[in-house]
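# Examination of the molecular architecture
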Amino acid sequence: MEFPPNQGQDQEEVTQQVTDAIEENDVVLFMKGTELMPQCGYSRKALGLIDQYRDEFETVDVLESLDEYRVALNEESGWETIPQTFVDGEFVGGSDILEELDERGELEATLTDV
C-alpha cells in the first residue's frame, strides 16, 4: 500500500495497525524510514542496536502518517518521540533507552527472552 506524501491515513486505521503490529510481533520497531533507509539518526541507532541481537524483528515506517502514528503510539506507550520499540507487547523505549540497556549488558536478554 502506498500513499502520497503528507496525505496521511485515517487515525483509526493507523491505531489498528499499531495495535496489530505490537500484538503480532515479538519485537517491533516503529521508526522513521525503513530498515534499508532509516530517515533519522535515532531510528538508525535503534535499528542497529536491535540488529545486534535479533535476526528477525518487525519495523514500521511511520513517515507516511507521522501525526497519526504519534497519536497511536502515545496511546500505547505514553511516549511522544519516535523511534519506539516494543518487545512481547510491552513498550521498552526509544534509541536512548536501548543504548542504556546495551551499556548495562541487558539489551540482549530484553530482545531475546521472548
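Residues numbered from 1 in each chain as written. Predicted model: local features only at pLDDT ≥ 70, side-chain atom pairs only at ≥ 80, totals over all residues. Heavy atoms only, no water.

Per an unreviewed UniProt entry, the recorded name for the protein is Glutaredoxin, and the organism is Natrinema ejinorense.

Before going further, it helps to examine unusual backbone geometry. Of note, the bond from Ile82 into Pro83 is cis; its omega dihedral lies within 30 degrees of zero at 20°. Positive phi, normally seen in glycine, also occurs at Asp88, with a value near 50°. Assessed through its relative accessible area of 53%, Asp88 is described here as exposed. (Buried < 20%, exposed > 50% of the residue type's maximum accessible area, 1.4 Å probe, protein only.)

The next thing to look at is the sheet that holds strand E1 (residues 27-31). Reading across the sheet, the four strands line up as E2-E1-E3-E4 and stay open at both edges, with mixed pairing between neighbours. Edge positions in the open sheet fall to strand E2 (58-61) and strand E4 (90-93), since each of these has one partner strand only. Ignoring strand direction, the axes of neighbouring strands in this sheet form an average angle of 25°. Of the pairings in the sheet, the one linking E1 to E2 comprises four bridges and is parallel in character. The partner of Leu29 across the bridge, within E2, is Thr59. Where helix H3 (residues 66-77) meets the sheet, its contacts fall on E1, E2, strand E3 (84-87) and E4, and the angle it forms with E3 comes to roughly 45°. (Pairing = 2+ DSSP bridges. Helix = DSSP H or I, 4+ residues; strand = E, 2+ residues; numbered from the N terminus. Axes fitted to C-alpha atoms, helices over the stretch in contact; angles between N-to-C directions. Contact = heavy atoms within 4.5 Å.)

Let's shift gears to helix H1 (residues 11-24). The end-to-end C-alpha separation of H1 is 20 Å, in line with the 20 Å expected for 14 residues at 1.5 Å each. Close packing links the buried residues of H1 with E1, E2, H3 and E3. Two or three places before Glu12, at the start of H1, stands the capping residue Asp10, its side-chain oxygen 3.2 Å from that residue's backbone nitrogen. (Expected span 1.5 Å × (residues − 1). Polar contact = N/O pair within 3.5 Å; in protein donor to acceptor, adjacent residues only side chain to side chain.)

This model, assessed by the stated rule, comprises two salt bridges. Its salt-bridge partner being Glu99, residue Lys45 comes within 3.4 Å of it at the nearest N-O pair. Linking Lys45 in helix H2 (residues 41-53) with Glu99 in helix H4 (residues 95-103), this pair joins segments that are 54 residues apart in sequence. Given the relative accessible area of 33%, Lys45 is considered partly exposed. Between Arg104 and Glu106 there is a salt bridge, with its nearest N and O atoms 3.1 Å apart. (Salt bridge = Lys/Arg side-chain N within 4 Å of Asp/Glu carboxyl O.)

Side chains of Glu35, Asp51, Asp55, Glu56 and Glu58 sit close together on the surface and give a patch of like negative charge. Structurally, the position occupied by Glu56 is in the loop between H2 and E2. Accessibility expressed as a relative area gives 65% for Glu56, which makes it exposed. (Patch = residues over 30% accessible without salt bridge, like charges linked within 9 Å, V, L, I, M, F, W, Y side chains within 5 Å. Areas by Shrake-Rupley, 256 points an atom, 1.4 Å probe, with all protein chains shown as cover. Lys, Arg positive; Asp, Glu negative; His and termini not counted. Charge placed at Lys NZ, Arg CZ, Asp CG, Glu CD.)

Glancing now at the environment of Glu58. Counting through the fold element by element, Glu58 comes out in strand E2. For Glu58, the contacting residues outside a window of four places in its chain are Asn25, Val27, Val28 and Leu29.

A separate point is H3. Look at H3: 16 Å from first C-alpha to last across 12 residues, which is about the 16 Å you get at 1.5 Å a residue. Buried within H3 we find Glu68, Tyr69, Ala72, Leu73 and Ser77. All buried residues of H3 project into a common sector of 145° when viewed along the axis, lining one side. Exposed positions of H3 whose direction lies more than 90 degrees from the buried face are Asp67 and Glu75. Looking at the buried residues of H3, the elements they touch are H1, E1, E2, E3 and E4. Downstream of H3 by a residue or two, Gly78 has a phi angle that is positive, lying close to 75°. (Arc of directions from axis to C-beta.)

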